[in-house]
Amino acid sequence: MRINPQLMEKIRESLSSVLPITAIVLLLSISIVPLTPGTLVLFLFGAFLLIVGVGVFTLGVDMSMTPMGSGIGVYFSKARHMAIPLSVALLLGILITVAEPDLQVLAQQVEAIPSKVLIFTVAAGVGLFLVIALLRILIKVPLSYLLVGGYLLAFALAAFAPRDFIPISFDAGGVTTGPITVPFIMALGVGMASVRSDRNSTSDSFGLVALCSIGPILSVLLLGITYAPDKATYTPAPLPDIATTRDAAAQFMAALPVYAEEVAVAMVPICAMFLLFQLMTHRFQRTQLLRIVSGLVYTYVGLVMFLTGVNVGFMAAGQLIGASIASSSRPYLLIPAGMVMGYFIVAAEPAVHVLIKQVEEVSMGSISQAAMKQGLSIGVAVSVGIAMLRVLTGISILWFLIPGYAISLGLTFFVPQLFTGVAFDAGGVASGPMTATFLLPFAMGACDAAGGNLMTDAFGLVALVAMTPLVTIQLMGLAGRMRRKLAVQAVRAEIAKADDCVLYYD
């Protein structure tokens, strides 16, 4: 039986992304943070599922989500009457957000507000901002204007929201942009912008994920103000008791149907909308449809494997590592350990693979995959370091979010628009399932062991992970602009020098 060479290439890419964080955890387990054998076996099983799952998922996205989103985006941009496409976008934004597994987890932690109320309010925020994002592309509004207005409103609302809800509100912006929604929404933006031929069409391809991340922040802040609860609570998940490898395998087998159902529910809205779109427009030919259907199967299988591996295998390891370092005689090691793990773990996020490839293609190589990986890794490393500092000291997250967003929003007026869209999209993509199921439990375990307030000191890590890439990637764009400016000045100086020599000899 011959294995698909494209699939093997994707799995090799995934292997190179997951191996570093696996090696770091193994190194920690035999040095400063000894893990129980059961936890280590779960982690290794999870790493295997992670490697295969990310490879299968990224191949599936290339075959299905990208052409689906792009085709629908092109159709939307050519529609004579935008009321129907925008209504479909609103409904789609709501449905895919309601089915997002990470949002379900977040809603369960906010016990002061009914889960269904929180989920549907956040979903409405995503749907509304997806409509705003599509309108921005059509009427050519600069992304920076909407970003500044959205985040100014968010920080204004934060002044009136309960203290416990501020970190959760900003975390909500990251968890709602999951591995299923991100590839589709990004392709939708590329498709809509591709019809235009003006010089800003490339940069306007990005920014949909960025704007869709603002809606949940505003929604949760408004809910906190409206319900005015005394406090939010969180109960850490119990660690499984693993005595043998058979017990470990049983954990994965028990979790597999759960995540299979979650992914199926999450994919149904997109698939149903695509089916309706195809029946109405007949845009895709038979061979294209077969490829898309095959890609959807790959996407489904890969994401089920990934979520099962990371939730069962990585969560317990992250929680134990954080607790062990925080309760040791050198709790300050949380900061460098967290930064190292953050630097490497972002490469294992499935949607990151989709983003960096799409950025390189749309920018025609001006933003390489290597440069994007480096910018994301540095940003996430800094954010996890800040999160660990908060765990140890209890500093309010606003002391970091306000200056961080002030810098990132200020940079939008000095860097190329393409880098602004890419940077703010990257913030939503970087804060994916790996952050929620490994880095967040790492912070939870550390905060609990250190005796801190879980709601104010541990929550907020996802928000910080979503914030720092905004700065690092825009700084890449600013550095590139300055290099080009210096190069142009050098060329002009050489031309002037040559002209002077000609005049002298004349």
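Every value quoted in this text rests on a predicted model; they were computed, and no experiment measured them.

With respect to the layout of surface pockets
For the second largest pocket, the calculated volume is near 320 Å³. Along the wall of the second largest pocket there are 17 residues; nearest its centre are Phe76, Ile84, Val88, Leu276 and Met280. Here the element with the most residues in the lining of the second largest pocket is helix α12 (residues 245-281); it accounts for 7 residues.

So, empty space enclosed by the protein
In the structure shown here, the tally under the stated rule is 2 cavities of 30 Å³ or more. Taken as a whole, the largest cavity encloses approximately 100 Å³ of empty space. When residues of the lining of the largest cavity are traced back to their parent elements, those giving at least two are α8 (165-175), α18 (417-430) and α21 (461-505). For the lining of the largest cavity, the per-class residue count stands at 9 nonpolar, 5 polar and no charged.

Considering unusual backbone geometry
Of note, the phi angle at Lys140 is positive, near 65°, even though the residue is not glycine. On the secondary structure map, Lys140 appears in the loop between α6 (115-139) and α7 (143-158).

Considerations on the nonpolar core
Judged by nonpolar contacts, the single largest core of 165 residues is most densely connected at Leu147, Tyr151, Met372, Leu376, Met388, Leu401 and Phe438. The biggest single contributor to this core is helix α13 (residues 286-326), with 15 residues. If we ignore the near neighbours within four places in the chain, the residues touching Leu376 are Val346, Val352, Ile356, Ala426, Ala430, Pro469 and Ile473.

Overview of α13
For α13, with 41 residues, the first-to-last C-alpha span of 57 Å sits near the 60 Å given by 1.5 Å per residue. Phe314 marks the point of greatest bend in α13, at about 40°.

Describing α6
In an α-helix, one full turn covers 3.6 residues, which means residues spaced three or four apart are oriented alike. Along its 25 residues, α6 runs 36 Å from first to last C-alpha, staying within 8% of the 36 Å computed at 1.5 Å per residue. Downstream of α6 by one or two residues, Lys140 has phi in the positive range, about 65°.

Some points on the packing of helix α3 (residues 65-78) against helix α9 (residues 181-194)
Relative orientation of the contacting elements α3 and α9 amounts to 40°, with a least axis distance of 6 Å. When the axes of α3 and α9 are compared, the pair comes out oblique. Relative to α9, α3 is oriented so that their crossing is right-handed. Residues Met65, Thr66, Met68, Gly69, Ser70, Ile72, Gly73, Val74, Phe76 and Ser77 of α3 pack against Pro183, Phe184, Ala187, Leu188, Gly191, Met192 and Ser194 of α9.

Here we look at the confidence of the model for the chain
Mean pLDDT over the chain: 84, with 92% of residues reaching 70 or higher. Element-level pLDDT for the chain is lowest in helix α5 (residues 101-109), with a mean of 67, against a maximum mean of 93 in helix α17 (residues 398-411).

Some words on the side chain of Arg136
Looking at where Arg136 falls in the secondary structure, it is placed in helix α6. Look at Arg136 and you get buried, because its relative accessible area is 2%. With sequence-adjacent residues up to four places away left out, Arg136 is seen in contact with Val141, Pro142, Leu143, Leu146, Asp204, Phe206 and Leu211.

Here we look at the environment of Gly313
You can see Gly313 is positioned in helix α13. Of the residues examined, Gly313 reaches a relative accessible area of 0% and is grouped as buried. Considering only alpha carbons, one finds Gly313 and Ser431, 118 residues apart in sequence, at a separation of 19 Å.

Rules of the game
Residues numbered from 1 in each chain as written. Predicted model: local features only at pLDDT ≥ 70, side-chain atom pairs only at ≥ 80, totals over all residues. Heavy atoms only, no water. 1 Å grid on protein atoms, 1.4 Å probe; cavity = no way out; pocket = protein on both sides within 12 Å on 5 of 7 lines; lining within 4 Å. Points joined across faces, edges and corners; volume = space filled by probe spheres on them. Helix = DSSP H or I, 4+ residues; strand = E, 2+ residues; numbered from the N terminus. Nonpolar A, V, L, I, M, F, W, Y, C, P; charged D, E, K, R; others polar. Core = buried A, V, L, I, M, F, W, Y, C linked by side-chain atoms within 4.5 Å. Buried < 20%, exposed > 50% of the residue type's maximum accessible area, 1.4 Å probe, protein only. Contact = heavy atoms within 4.5 Å. Expected span 1.5 Å × (residues − 1). Bend = angle between axes of the 7 residues up to and from the residue. Axes fitted to C-alpha atoms, helices over the stretch in contact; angles between N-to-C directions. Parallel < 35°, antiparallel > 145°, perpendicular 65-115°, else oblique. Left-handed = near helix turned anticlockwise from the far one by under 90°. pLDDT = per-residue confidence, 0-100.

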